[in-house]
Amino acid sequence: MGLFDKLKKKNKDEFLKIDVKPLIDWNEPNGEGCIASDMITKEGWKVGYMFRDEPLDNQPDSGWHFFKGDESEAYSNDASNFHVFALNTICNYDQDIIPYLNLPVGTHLIRTAGGKFIEDDGSQPIRFEKQ
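What you see is a predicted model, and the numbers here were worked out from it, not measured in a lab.

Caption draft 1: Structural context of the packing of aromatic side chains. A complete count under the given rule lists eight aromatic pairs for this structure. Ring geometry for tyrosine 49 versus phenylalanine 67: centroids 6.0 Å apart, planes at 50°, classification tilted. Of this pair, tyrosine 49 sits in strand β2 (residues 49–52) while phenylalanine 67 is found in strand β3 (residues 61–67), placing the two residues 18 residues apart along the sequence. You'll find tyrosine 49 and phenylalanine 67 in the same group, each marked buried. Seen in terms of ring centroids, phenylalanine 67 and phenylalanine 82 are 5.3 Å apart; in terms of plane orientation they differ by 65°. Their pairing is edge-to-face. Taken together, the residues phenylalanine 67 in strand β3 and phenylalanine 82 in strand β4 (residues 82–86) connect sequence positions 15 residues apart.

Given below as structure tokens:
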């Protein structure tokens, strides 16, 4: 590989390369699928906003959705900016989410200082952190 090859920017279509280790044991009946923004899996941001919907019927769906937290409406409306992963995979991108995964459907959390998450009531800003 030449010098100029090393200086090329990472392809924005590639997921960040991580070493996925088993971090959680997910036993919920609907499965461990989740949806994550490319800002986490491709751009290297930690989860800033996470919420849990009703899992989809007949799908391996946990109901969890993970965002950086400042995705624009246009970005969020483009399905190609989001992908389905196993919860364990997203935990490997950001282990700070693990203590919150068993919270019920309807949970909406934002990141605060120290990797902690609180219920999003709209009164506090999201803390943005790189992985």
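Following the structure, the description resumes.
Caption draft 2: Examining the sheet that holds strand β6 (residues 117–119) more closely. A sheet is described by the order of its strands in space; here six strands give the open sequence β4-β1-β3-β2-β5-β6, paired in mixed fashion. Each edge of the open sheet is held by one strand with a lone partner, namely β4 and β6. Each adjacent strand pair in this sheet contributes to an overall mean axis angle of 25°, direction not counted.

Caption draft 3: Seen up close, the environment of glycine 48. Along the chain, glycine 48 falls in the loop between α2 (38–41) and β2. You can call glycine 48 buried: its relative accessible area is 1%. Along the chain, glycine 48 and aspartate 19 lie 29 residues apart, while their C-alpha atoms are 22 Å from each other. Contacts of glycine 48, omitting those with residues within four sequence positions, involve Phe67, Lys68, Leu109, Ile110, Arg111, Phe117, Ile126 and Arg127.

Caption draft 4: Representation of the pattern of salt bridges within the structure. A complete count under the given rule lists eleven salt bridges for this structure. The partner of arginine 111 in a salt bridge is aspartate 94, with the nearest N and O atoms 2.4 Å apart. Of this pair, arginine 111 sits in strand β5 (residues 108–111) while aspartate 94 sits in the loop between α4 (87–93) and β5, and the two are 17 residues apart along the sequence. A relative accessible area of 1% means that aspartate 94 is categorised as buried.

Conventions adopted
Residues numbered from 1 in each chain as written. Predicted model: local features only at pLDDT ≥ 70, side-chain atom pairs only at ≥ 80, totals over all residues. Heavy atoms only, no water. Phe/Tyr/Trp six-rings, centres within 6.5 Å; stacked < 30°, edge-to-face > 60°. Helix = DSSP H or I, 4+ residues; strand = E, 2+ residues; numbered from the N terminus. Buried < 20%, exposed > 50% of the residue type's maximum accessible area, 1.4 Å probe, protein only. Pairing = 2+ DSSP bridges. Axes fitted to C-alpha atoms, helices over the stretch in contact; angles between N-to-C directions. Contact = heavy atoms within 4.5 Å. Salt bridge = Lys/Arg side-chain N within 4 Å of Asp/Glu carboxyl O.

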